[in-house]
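So the chains spell out like this:
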Amino acid sequence: GDSVTQTEGQVALSEEDFLTIHCNYSASGYPALFWYVQYPGEGPQFLFRASRDKEKGSSRGFEATYDKGTTSFHLRKASVQESDSAVYYCALRDNNAPRFGAGTKLSVKP
Amino acid sequence: EAAVTQSPRNKVAVTGGKVTLSCNQTNNHNNMYWYRQDTGHGLRLIHYSYGAGSTEKGDIPDGYKASRPSQENFSLILELATPSQTSVYFCASGWDWDYEQYFGPGTRLTVL
């Protein structure tokens, strides 16, 4: 079935570091791909989505590019801040119900 | 902005007891969803609904029932709660499958 794999369970960075969180998917066709962010004590919040090959999604300084060839949708940010500390979820929607990855906890030190 | 509320925010239940988690959304979204969140598993879909009167099974429906009596309300029912159902439960709503979901603040359920 459809699935999403996030390679990193936890990422620890310092402020102004470059961030990459890897997301790979397994699905047929061109599933819609999403990134969500969850701050402590809150529900997940939508960041952005993409649905076509080479389409870039972006929000709040974060971005990801849909890559059908490598079945990836990696999240990147050029310079992280302490306030970016949160759990990040990659998700997909194909012919079936939405699928979320296991999440990546980002900790940013000041 | 979409507003999704959940009640209760925290619940302690006994094994074998009945638990009802409630969700309300005020943006007239068609779809509503129930997830549970566990470390190492992310968010897993339990039940979902396309509109009032409809409920569908998600990936992990065993031990759960759902009810959608109106466009605004979607409940998750545990008829016979077990300790393995201890988790954080999130409700979400959205216009359509391919678009973003708006999540509630979550309910922390502990089954003793």
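A brief look at the structure comes next. As the structure is a prediction and not an experimental result, all values here were calculated from the model.

## Some words on the pattern of salt bridges
Step number 1: One pass over the structure, following the stated rule, counts eight salt bridges over all chains.
Step number 2: We note a salt bridge from R52(A) to E55(A), for which the minimum N-O separation is 3.7 Å.
Step number 3: Judged by its relative accessible area of 53%, R52(A) is exposed.
Step number 4: Residue D38(B) pairs with R36(B) through a salt bridge whose shortest N-O separation is 2.8 Å. Neither D38(B) nor R36(B) differs from the other in exposure class; each is buried.
Step number 5: Residues participating in the shared-partner salt-bridge network are R36(B), D38(B) and R44(B).

## Let's talk about the interface of chain A and chain B
Step number 1: On the side of chain B, 20 residues touch chain A, which itself brings 18 residues to the contact.
Step number 2: Overall, the association of chain A and chain B removes approximately 1,500 Å² of surface from exposure, summing both partners, and the carbon and sulfur fraction of that is 56%.
Step number 3: When the buried surface of chain A facing chain B is broken down by residue, R93(A), P98(A) and F100(A) rank first, second and third, together holding 31% of it.
Step number 4: Counting across the interface, chain A meets chain B through one salt bridge.
Step number 5: A salt bridge links R99(A) to D59(B), with the shortest nitrogen-to-oxygen separation between them at 3.2 Å.
Step number 6: Summed over the shared surface of chain A and chain B, the number is four residue pairs in polar contact (both at pLDDT 80 or more).
Step number 7: Elements that contribute at least two residues to the side of chain A that touches chain B include exactly β5 (32-38), β6 (45-50), β10 (86-93) and β11 (99-100) of chain A.

## Overview of the state of the cysteines
Residues and elements named next belong to chain A.
Step number 1: Tallied over the full model, the rule gives two disulfides over all chains.
Step number 2: Each disulfide pairs two cysteine sulfurs, and for C23 the partner residue is C90, the sulfurs being separated by 1.9 Å. One quick way to see it: the torsion about the S-S bond of C23 and C90 is about -65°, and its sign makes the bridge left-handed. One end of the pair, C23, is in strand β4 (residues 23-26); the other, C90, is in strand β10, with 67 residues separating them in the sequence. Each member of the pair C23 and C90 is classed as buried.

## Some words on empty space enclosed by the protein
All names here are of chain A.
Step number 1: For the structure shown, the criterion picks out one cavity of 30 Å³ or more.
Step number 2: Looking at the largest cavity, its volume works out to about 40 Å³.
Step number 3: Those elements that place two or more of their residues in the lining of the largest cavity are β5 and β10.
Step number 4: For the lining of the largest cavity, the element with the most residues is β10, which contributes three residues.
Step number 5: Across the lining of the largest cavity, the residue classes break down as seven nonpolar, one polar and one charged.

Cut-offs and rules
Residues numbered from 1 in each chain as written. Chains lettered and ligands numbered in written order. Predicted model: local features only at pLDDT ≥ 70, side-chain atom pairs only at ≥ 80, totals over all residues. Heavy atoms only, no water. Salt bridge = Lys/Arg side-chain N within 4 Å of Asp/Glu carboxyl O. Buried < 20%, exposed > 50% of the residue type's maximum accessible area, 1.4 Å probe, protein only. Contact = heavy atoms within 4.5 Å. Buried area = accessible area lost by both parts, 1.4 Å probe. Polar contact = N/O pair within 3.5 Å; in protein donor to acceptor, adjacent residues only side chain to side chain. Helix = DSSP H or I, 4+ residues; strand = E, 2+ residues; numbered from the N terminus. Disulfide = S-S within 2.5 Å. 1 Å grid on protein atoms, 1.4 Å probe; cavity = no way out; pocket = protein on both sides within 12 Å on 5 of 7 lines; lining within 4 Å. Points joined across faces, edges and corners; volume = space filled by probe spheres on them. Nonpolar A, V, L, I, M, F, W, Y, C, P; charged D, E, K, R; others polar.

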